[in-house]
Structures are given as C-alpha cells and as structure tokens.
Amino acid sequence: MTSARDELLRHEPELDSYVAALPLFHGQRRSVLTLIYTVLHEFMEGSFDGTTPPRRSTGEALINRLAHVLSLVVRCPDEQIGTNARNAILALDSANATLDVAQLLLYGHACELFPELHKGWYLAEQPSARQFTLLHPSEDFKKAEERDVLLSELALPLWFKGPLGSGFERIHGKILANKDQAYGKVVPLTKLYYESILSTEKPYFYDASLQDAIGVSLPDLKNFLRAMAAVALSWLTAAAEAARRATNTGRPRNREKWLGEMLEWTSPLVNANFLEGLLIAISGVSEQAAVKLLEFFTLDSEATLASDGFFPPFHYLKGENASRLVIFSPHVLLHMASQRNFLYAYFKNDSQGFDEKISADLEALLLDDIEAEFSRIEGMLIARNKVWKRSKVAGEFDLIIYDPSTNSVMHVQAKAPIPPQGARMVTRLEGRMREGLSQLEKFRTLPPGDQDAIISEIFSRTIEGADVHDVLAGRTSFGTAAVWSKLDNVTPVNPPLLRVAIDGIAATGSTFTIPALVTQLVALLDEMPESFSSSWRYETVAFRSGGSAGGIAVKLPLLDLDSKKIQKQHIKIFLSQD
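What counts as what
Residues numbered from 1 in each chain as written. Predicted model: local features only at pLDDT ≥ 70, side-chain atom pairs only at ≥ 80, totals over all residues. Heavy atoms only, no water. Helix = DSSP H or I, 4+ residues; strand = E, 2+ residues; numbered from the N terminus. Buried < 20%, exposed > 50% of the residue type's maximum accessible area, 1.4 Å probe, protein only. Pairing = 2+ DSSP bridges. Disulfide = S-S within 2.5 Å. Axes fitted to C-alpha atoms, helices over the stretch in contact; angles between N-to-C directions. Phe/Tyr/Trp six-rings, centres within 6.5 Å; stacked < 30°, edge-to-face > 60°. Lys NZ or Arg CZ within 6 Å of the ring centre and 35° of its normal. Contact = heavy atoms within 4.5 Å. Salt bridge = Lys/Arg side-chain N within 4 Å of Asp/Glu carboxyl O. Left-handed = near helix turned anticlockwise from the far one by under 90°. Nonpolar A, V, L, I, M, F, W, Y, C, P; charged D, E, K, R; others polar. Expected span 1.5 Å × (residues − 1). Bend = angle between axes of the 7 residues up to and from the residue. Polar contact = N/O pair within 3.5 Å; in protein donor to acceptor, adjacent residues only side chain to side chain.

Visitor: When you look at the environment of D212 in this model, what are you seeing that I'm missing?
Guide: Within the secondary structure, D212 is located in helix α11 (residues 207-214). Along the chain, D212 and K357 lie 145 residues apart, while their C-alpha atoms are 7.1 Å from each other.

Here it is in structure tokens:
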C-alpha cells in the first residue's frame, strides 16, 4: 500500500510540468519580471493606500523561494521592452498572468517543501485523495527546528539606517517634481543613504584571500554592497513618494498617473551605464572592480547562479540601438546585498577556487569572533588551534579557554560552512556539525588523567580535575534534530548568542565564570521562543497541477516570529560592539 508521503511525492513531477507550461512564460521577459516585482513590492510594503498591510516576512521568504523558478523566467522571449512598466504589464493577459504569478510563488514554496519531505523532515497524512497534512516527526524535531530558525534569524545580516539629516527632507519630496529630472535627483539621495546605512554583517573571508580569488579588496566589496543597498533604499523612497501622491490626490486620472510612476521605481528598467556609473561613483570602487562584482549579482540568460535562496538582483536586457538596460527589484536588491550572497555566488561560479582560496577563512574568522568575545573577560586563559595526542588518539582544539577561578575549561569546536538556505545546504551543514561533535567526543572519552595532562601542557601549568564544558560553535544555525538530538551536554553557540550571554552576565554585576556562561547560554536558548514571540500555526497551501483534479492541498506547519523584536536585538548587539 502506498504511504501518504509517497503519494504526495508522486505529485512532484506533475507540479513541475504544470508550472513549466504556464502561459505566463510566453510573455516578454520584462513583462514577467515587472509583474513579479510588483507583487513582491505589495508583500513588502502593503497596498499603496494602506488598505492591505505589509507582510514582510512572507515577502522575504518569497524572494528566496523565487530563486528556484528564475530558470523558467529567463526562458521568456526578450524581443520587446515596452514603453514603461505599466505598458509591460498590460502586454500580458493580466487576469491569467496574475494567477500564474501566484502559482509561481507557490511553486517556489513547493521547491523547498518537496526536498524536505524527501529527507524525512515531515510525516505525511492523507485525509482525502488530493489533500495532505504534514507533521513534524516528533516534538523534539519541532523544538529543534524552532531553535535553529531563531538562532539563524539572530545571526542573519541586517541593513539599518542612521540619521539622514536635513538633506533628506530637502531631496526626497522633490524627486518626482519633474519626471525628466528624477534620476538626477535620486543621485544625491543615494549618496545620503550610502553615508547613513550600516550592515551588521561580519566578514566571511580575509582581504588577502578575496584579492587572490577575484582581484577585489574586502573594503571594495563592502563599499559596493553598501552602494547596492543605498540604490535600493533610494528607489524605494521614490516609490513611497509616488504612492503617497497617488493616495492624496482626489482625481482618478492623477491617481493612475502616480501609480504608474510608482511602478517605474518598484520595477525599474534603467540604462545600465547610468546604474553602473552610480554604483561606482557612490562606492568609490574602480570600474574593473565593479564589473567583476556585478558578475556575482547578475541573473544571466541561464540563471546560472540562481539557487538555494539566492536571487541575483540584476538582469540585463537590450534596448533600442543595442543599448544596455538593467531591470531589478529594489526589495530583491536590498535583500541580496550581503557578503553571504556574494560568497554563495562565488562558490556556485567557481567551487574549486572557493575550496582553495576562501573556504578556510570561514572557520578562521568564526574563531576570531569567538576568541574576541572571550578576550573581553579578565582572567580567562585562551589558546587556539592546539594539537594534542595521547597514545594512538589525536585531535585539535579549535579554541580552549581555561577559567582558573573555577578550574573549568571550555572546549570549542567551530564549523562554518556557507550559511544554509534550503534542504541541500542544511544537509551539508549537518555533516560539518557532526564532525565537530565527533572531535569534541574524541577528547571527552580520554581518561581524566590524560585530559588534565593535555590541558596542563597547553597552558604551561599544573591543572587537575578540570571541569570540561563542550561547545559547538557555528556562524548561524546547526541543522535539524539530526544534530540537535546529538548535542546532549554540548552547548551550541553562534557569535550573537555568545555576545548576548556575556553582556547579560556583565549587566547583573556577577563574577564571570565558565559554568555561569554555560548556564546563561542554555537559559537563552530556552527563552528564545518567548523572547521573539515565536509560535507554530498550520496553513493550507493549494498547489495547482493541471489535469481534471486541478491540484493538491497541503496543510503544513509554519513558524511565526516577531521580526521587530529580532531586528531590535540585532541593532543592540551591533551597537554594543567596539
């Protein structure tokens, strides 16, 4: 008898075929992208008149999921550009095209869901022929999933704005005063944003490694990403101004005029020379560096880099007289402007170069961050990358910290693959985390006398009966219950969580000790669901798949959390750093 899981998986190729054949993909490429970007903007900002609220968490998830469908989008013909964004959308069969985009967004979700089902992340039930319910395999799996998502959210990079000053007030309301001068006025606005925004993201690689890999410096990469984010924010500001004018006008004709103008900023098609020149001028990087960096953020005609949650934000089209044009979504651009996404694109483009020139930096820089946190505490003895051997057993401490006041030791093993997006990358992450657990276990199983002797040698002092605490360090998350269930007495930690724990002990005025830190870390992990107001709910997603039956409905668990609380914690952590 076929199981409910197998029956659901049987619909996967049926759904693939249905989506690939959507009439939407007969439309012009600019038209399809413009409609997709318009829908994304409404998720991120709500309707122009405020009647529909923003659904930012959903919008951000959709941006990541759309990476799975871009290989279909780029197959659309690109012979016609259209005179403006509204014209491009009207070239489609609007009613059916909107339905097709809705199915495309759902299909992006399915592209995440089915690999997770293949890997056993869900149990399936089948209440009726084409209705399915997905369940977590166990309460422990559910708890692990929640903790892992929250740890990842705490560590994800964030752009936030400082004061823009009086210059912003002078510029932003006048951007659209003269349509022919709008792009000229957006340049000083972009510069204002560039000077005011900051990223919470820490480096993944050293400057020398990056220069060896692509011939661009780390400061240039950071500045270019910052310029990308500033462009996105400037275009969103212009879109918001157009929406404000559409809302405030009492004339239907003017409303349509301003809504059309809003589309030009939410789904812009601009001269490539202008945009590239703006990025170069704002960031200060050379033209050669800009051209190289743009390679990693460009959606090419084969969607080569689009996968695993990465949506290359820029897509080039040909205009009249062979002019170069580029279309982008400001929200996609802002969401993708990070070192993590550059890192992924570089890996996808040149996996051998990544392995040889970049990959070792990821773990080294994670250890830099962990070591820096412990260096803030007086009295701790810290050693790094210390090899040990007893009889036929050998290993290496990534980081070992000794607390003389309590005769306690923290043994840290760090694993830092590319932060994952999607089931395939999570599986790779879990493999690395299991390596770390194995390395911790190797030392843990030594006789106590051998442990003391090794620790004594490292710190050049006699240490007996030390209380050893095992810590598994990651940059963001750790995986599913396949890893969390193996932790036992091992404490998982990423740099933001460690900073919050250390700051928490300092805030109480308590004496810092390793046992106190471990207790604080465990407490924070237990409190995270309440701290970020996370909770599970069930939602039914209807996937159309053609045929007489019309599709399937899947009821699945989704995790809600308070993104504002997470953002507040992000900024607090960032501002607490030197």
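Visitor: Whenever I open this one, the pairing of strand β14 (residues 551-560) confuses me. Can you help?
Guide: Moving residue by residue along a regular strand, the side chains alternate between the two faces of the sheet. The element β14 is extensively covered by neighbouring structure, given that 7 of its 10 residues are classed as buried. Bridge count between strand β2 (residues 131-135) and β14: 3 bridges; the pairing is parallel. When the bridges of β14 are listed, T133 appears paired with K555. Judged from the 10 bridges that link them, strand β13 (residues 535-544) and β14 form a sheet pairing that is antiparallel. When the bridges of β14 are listed, Y538 appears paired with P557.

Visitor: Please explain the state of the cysteines as it appears in this structure.
Guide: Disulfides are covalent bonds that link the sulfur atoms of two cysteine residues. Taken as a whole, this structure holds 0 disulfides when the rule is applied. C76 carries a free sulfur, and the closest cysteine sulfur to it, the one in C111, is 16 Å from it.

Visitor: What exactly am I supposed to notice about the sheet that holds strand β9 (residues 393-403) here?
Guide: With respect to topology, 5 strands assemble into an open sheet ordered β8-β9-β10-β11-β12, the strand pairing being mixed. Only two strands of the sheet have a single neighbouring strand rather than two, namely β8 (381-390) and β12 (491-493). Here the strands of the sheet are splayed against their neighbours by 35° on average, with no regard to which way each runs. For β8 and β9, the ladder comprises 9 bridges, and the chain directions are antiparallel.

Visitor: Is there a simple way to think about the packing of aromatic side chains in this case?
Guide: To describe a pair of aromatic rings, one takes the distance between the centres and the angle between the planes. Counted under the stated rule, the structure contains 16 aromatic pairs. Note on Y402 and F459: the rings are 5.9 Å apart at their centroids and 35° apart in plane angle, and the pair reads as tilted. Of this pair, Y402 sits in strand β9 while F459 sits in helix α20 (residues 448-459), placing them 57 residues apart in sequence. Pair check on accessibility: Y402 and F459 agree, each one buried. One aromatic cluster in this structure is built from F205, F296, F342 and Y346. Directly above the aromatic system of Y194 lies the positively charged group of R226, at a separation of 4.4 Å from the ring centroid. Here the basic side chain of R475 rests over the ring of Y204, its NZ or CZ set 4.2 Å away from the ring centre.

Visitor: Explanation requested: the sheet that holds strand β1 (residues 123-128) in the structure shown.
Guide: The strands that make up a sheet pair up through hydrogen bonds in the backbone, lying either parallel or antiparallel. On the basis of which strands lie adjacent, the open sheet formed by 4 strands has the order β1-β2-β14-β13 and mixed pairing. The open sheet is flanked by β1 and β13, the only strands paired with a single partner. Ignoring which end each strand starts from, the neighbouring axes of this sheet average 25° apart. Its contacts with the sheet put helix α8 (residues 139-155) on β13 and β14, and the angle it makes with β13 is roughly 90°.

Visitor: I'm lost on unusual backbone geometry in this one. Help?
Guide: Unusually for a residue other than glycine, N321 sits at a positive phi of about 55°. Looking at where N321 falls in the secondary structure, it is placed in the loop between β6 (315-318) and β7 (324-327). Residue classification places N321 among the exposed positions, given a relative accessible area of 78%. Phi at N385 takes a positive value of approximately 50°, unusual for a residue other than glycine. Looking at the element boundaries, N385 is found in strand β8. Overall, N385 belongs to the partly exposed group, its relative accessible area being 37%.

Visitor: What should I look at first to understand the pattern of salt bridges in this one?
Guide: Where charged atoms of side chains with opposite charge meet at close range, the side chains can pair. The final tally for this structure, using the stated rule, is 26 salt bridges. Close ionic contact of R324 with E276 constitutes a salt bridge, the shortest N to O distance being 2.5 Å. Of this pair, R324 sits in strand β7 while E276 is found in helix α14 (residues 272-283), placing the two residues 48 residues apart along the sequence. Residue class for E276 comes out buried when judged on its relative accessible area of 17%. Several salt bridges converge on common partners, so that one network encompasses E363, K415, R432 and E435.

Visitor: Where do I start with the packing of helix α22 (residues 495-508) against helix α23 (residues 514-531) in this structure?
Guide: How two helices sit against one another is set out by the angle between their axes and by the gap between those axes. For the pair α22 and α23, the least separation of the axes is 9 Å and the interaxial angle reads 120°. α23 is crossed by α22, and the crossing has right-handed handedness. Judged by residue contacts, L497, L498, V500, A501, I502, G504 and I505 of α22 engage A516, L517, Q520, L521, L524 and L525 from α23. For the contact of α22 with α23, the class distribution of residues is 11 nonpolar, 2 polar and no charged.

Visitor: Explain α23 here, please?
Guide: In an α-helix, one turn spans 3.6 residues; hence positions three or four apart end up facing the same way. In this model, α23 (18 residues) spans 24 Å end to end at C-alpha, consistent with the 26 Å of a helix rising 1.5 Å per residue. Of all the bends in α23, the largest measures some 30° and sits at L525, one to four residues before the proline P529. For α23, the set of buried residues is I514, L517, V518, L521, L524, L525 and M528. A distance of 3.1 Å separates the backbone nitrogen of A516 from a side-chain oxygen at the start of α23, and that oxygen is part of T513.

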